[in-house]
Amino acid sequence: MTTDAGEATMPKEAPTAQAGDEPPGASRSERLSALAQQHGALVTLVLAMVVASLSFDTFLTGDNLENMALSSAFLAVVALGMTFVIVTGGIDLSVGSLFALGGVLAAWGSRYGTAVALLLPLVVCGLVGLLNGLLIARSGLAPFIVTLASMLGARGVLLVLTDEGSRTYLVDKGAFFTRLGQGSLLGVGVPVWITLALFVLGAVVLRRTRFGQYVYAVGGNEDAAALMGAPVVRTKVAVYTVSGLCAGLAGALNAAWLLSGVTILGSGMELEAISAVVIGGTLLTGGFGFISGSLVGVALLKVIQNVINQIGSLDSAYQQVVSGAFLAVVVIAQTWLGRRRRVL
Amino acid sequence: MTELSLARGTVDRDRALRLLQDYGVYGGVVVLLLFNFVFTPYFASAANFRTQAVQVAPVLIVALGMALAIGTEGVDLSVGSVMALSTSLLSLYLGYGPWIATLIAVFGGVVAGLASGALVAFVGVQPIVATLALMVAARGLALVLLPQLKDVHDPGLAALGSGDVLGVPYLVLIAAALALLVAFVVRRSTFGRQLLAIGDSRPAARLAGLPVRRVLVVVYVCSGALAAIAGVLATARLTASDPTSLGTLMELSAITAVVVGGTPLRGGRVRIGGTVAGAVLIQLLTTTLIKHDLPPSWTQIAQAVVIVGAVYAARERGKR
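Notes on the structure in this doc start here. All figures in this text were calculated on a predicted structure; none of them were measured in a lab.

Further remarks concern the nonpolar core. Core analysis: the biggest nonpolar cluster contains 209 residues, and Val78 and Ile145 of chain A together with Leu60, Val62 and Ala63 of chain B have the highest contact counts within it. If we skip the residues at most four places from it in the chain, Leu60 of chain B touches Ala175, Ala179, Val276 and Ala279 of chain B.

So, in structure tokens, the structure goes:
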């Protein structure tokens, strides 16, 4: 029922295996592979940035970095929610549609004030996430199929709201709501600050709270978690709700930034978010992952994108080829590292 | 999780659900057909049935490969992108003649399947992730090869796309032949048996000495090749190569057809007849909504509800 297919006999990461907490007796190679898994993405990011800044004068400029940070912010918020879902061993394919839906709802709601513009997408997307969670946790349906269905359903609702995509709701330029997207603080855009704050909050929740421990436990071994007395159903419902909320919020912020609810956005975003989370070192089998890794993963994807854009002569389609190949390499490396750790 | 959710289901309900799951899809097709005969004007015409059958053919072919992947407890998300890759390759190599171009396009699908199969079988990556990587990369590759829509002018391909034998379009004949072939392979061949055994329990299959890795690679290669064939046929029908939009959301339609047809997502069982009926059901549902002037948004919502309903009905399965 969980998304991981075969390898039923292979023990997954032990339920207690949390980020970085290696047992004291761990051998050196074991610790090395754990380090590579945790910080591989960060090292690659630094390398990519060094190479990019040496190759292009325009890369390491304030404008370029700020643009990159801003355009990463929305994906990062989506990836944050996705991290929680993936650590429980699930997957959420509905985030792209919810992102677009959140944007349209926010733009529509902005005429009734900032509170409506923010609350409406959060409530609606949170409810869709809750529905996902209930179907997955209570009825025991496979996460990818449930969220695939809600991806379609949310896209359908979006089209109903916008007269089959022909109508674009604009955000009134003077509204306070626009400052959430367009304003800046200390020279850095407000969405970036919001994203950073959310990531700090997410990291604290995942690593330092009881709920976070349940998330790891459910992802490590669901039956063991249930036997231990962890509220498996509640935890799973919660993570899908969080993912829906994050996608809705990201959509709302994006609408505030673009000053409109664009209906065609968000398709393919679920793939980007999953890629970012996986690149950041979170295992898709669940039970192991870090919030900070997802941020690094998003940054890495955006740097690759930026470099490909800067080369200019290359078609933007190359970006997809590179991202796909990169994802494959990361997954191979992770599987290999994970297997080493298990075998040793 | 399985034990926890199963404990609630009662035996009687289980039997009813099993019947519903096995034959519900045929019932659904019959109900939709009857509804349309009564309420939809011009539905019961040969031309309409031809259109419907031609439209369902590519989805059906893709769904056959998907059924094999799902039968091994996997999934192949890359099928839509492989269709796009195949259409790009086809129009790129059309200068060498339609046959060679078709062969190259199918070969492209085989290579894509080989890549995802190798990731799944040899590296041990989860099927969702392996085929996700292929999905992103293959679509990108298709766009690199052919950046935008291009008309395909070739008499051979045009004949393939719109020709017929005794009133039955080539596309439908090819889809039917492939469905029979896949059904035969699943039911009657050693490979089919091995596939189902692996889907049932991979460790048990391995302990029994089955060539697990080889079978898995072949399954994804088949899925890639079938998707590529679907891409060629879709190109022939549209007489244009459109790598941007060809095959988008195809994986979704294919998975829906397979799941609605009663193939459980946990593997070990493949129902080709159900898959064919599932593809037809989705097509009929879309047609019904469109012919009654409901906008596409409602089609999507309806499809979402059908998927969840089918998976929900299937969830008690697994107690054998």
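For the rest of this paragraph, the subject is the packing of helix H3 (residues 46-71) of chain B against helix H13 (residues 272-291) of chain B. All names here are of chain B. Two elements in contact, H3 and H13, have axes whose closest approach is 9 Å; the angle formed by their N-to-C orientations is 140°. In terms of orientation, H3 lies oblique with respect to H13. Viewed along their axes, H3 and H13 form a crossing whose handedness is right-handed. For the pair H3 and H13, the contacting residues are Gln52, Gln55, Val56, Val59, Leu60, Ala63, Leu64 and Ala67 in the first and Ile272, Thr275, Val276, Gly278, Ala279, Val280, Gln283 and Thr287 in the second. Taken together, the residues of the contact of H3 with H13 break down into ten nonpolar, six polar and no charged.

Counting from both sides, the interface comprises 43 residues of chain B and, opposite them, 49 residues of chain A. For the side of chain B that touches chain A, the elements supplying multiple residues, two or more each, are helix H1 (2-6), helix H5 (98-123), helix H6 (127-145), helix H10 (202-207), helix H12 (250-260) and helix H14 (296-314) of chain B. Tallying contributions element by element places H6 of chain B first for the side of chain B that touches chain A, with 13 residues.

This next bit is on unusual backbone geometry. Negative phi is the rule for most residues except glycine; trans is the rule for most peptide bonds. All names here are of chain B. Look at Glu73: it is not a glycine, yet its phi comes out positive at around 70°. Its place among the elements puts Glu73 in the loop between H3 and helix H4 (79-92). By the C-beta count within 10 Å, which is 22 here, Glu73 ends up buried. Not every positive phi belongs to a glycine, and Asp293 is a case in point at roughly 60°.

Residues and elements named next belong to chain B. Contact geometry for helix H8 (residues 170-188) and helix H9 (residues 190-200): axes closest at 5 Å, N-to-C directions at 70°. It follows from the interaxial angle that H8 and H9 lie roughly perpendicular. Two secondary-structure elements touch here, H8 through Val185, Val186, Arg187 and Arg188 and H9 through Phe191, Gly192 and Leu195. Of the residues belonging to the contact of H8 with H9, the class tally is four nonpolar, one polar and two charged.

Right, let's get into H9 of chain B. Along H9 of chain B, the positions that sit buried rather than exposed are Gln194, Leu195, Ala197, Ile198 and Gly199 of chain B. Residues of H9 of chain B that are buried sit in contact with H3, H8, H10 and helix H11 (212-238) of chain B.

Residues and elements named next belong to chain B. Looking at where Met250 falls in the secondary structure, it is placed in helix H12. On a C-alpha basis, the gap between Met250 and Val79 in space is 6.9 Å, while along the polypeptide they are 171 residues apart. The residues contacting Met250, other than those within four sequence positions of it, are Val62, Val79, Gly80 and Met83.

For H14 of chain B, spanning 19 residues, the distance from its first C-alpha to its last is 27 Å, which sits close to the expected 27 Å at 1.5 Å a residue. When we look at burial in H14 of chain B, the residues that qualify are Ser297, Thr299, Gln300, Ile301, Gln303, Ala304, Val306, Ile307, Val308, Ala310, Val311 and Ala314 of chain B.

Residue and element names in this part refer to chain A. Mapping Phe84 onto the fold places it in helix H2 (residues 62-87). Using a count of 30 C-beta atoms within 10 Å as the deciding quantity, one classes Phe84 as buried. Once the C-alpha coordinates of Phe84 and Ser243 are considered, the two residues, 159 residues apart in sequence, prove to be 7.5 Å apart. Not counting residues up to four positions away in its chain, the partners in contact with Phe84 are Leu206, Val215, Val239, Val242 and Ser243.

Quick notes on the rules
Residues numbered from 1 in each chain as written. Chains lettered and ligands numbered in written order. Predicted model: local features only at pLDDT ≥ 70, side-chain atom pairs only at ≥ 80, totals over all residues. Core = buried A, V, L, I, M, F, W, Y, C linked by C-beta atoms within 7 Å. Buried ≥ 20, exposed ≤ 12 C-beta atoms within 10 Å, placed from the backbone. Contact = placed C-beta atoms within 7 Å. Axes fitted to C-alpha atoms, helices over the stretch in contact; angles between N-to-C directions. Helix = DSSP H or I, 4+ residues; strand = E, 2+ residues; numbered from the N terminus. Parallel < 35°, antiparallel > 145°, perpendicular 65-115°, else oblique. Left-handed = near helix turned anticlockwise from the far one by under 90°. Nonpolar A, V, L, I, M, F, W, Y, C, P; charged D, E, K, R; others polar. Expected span 1.5 Å × (residues − 1).

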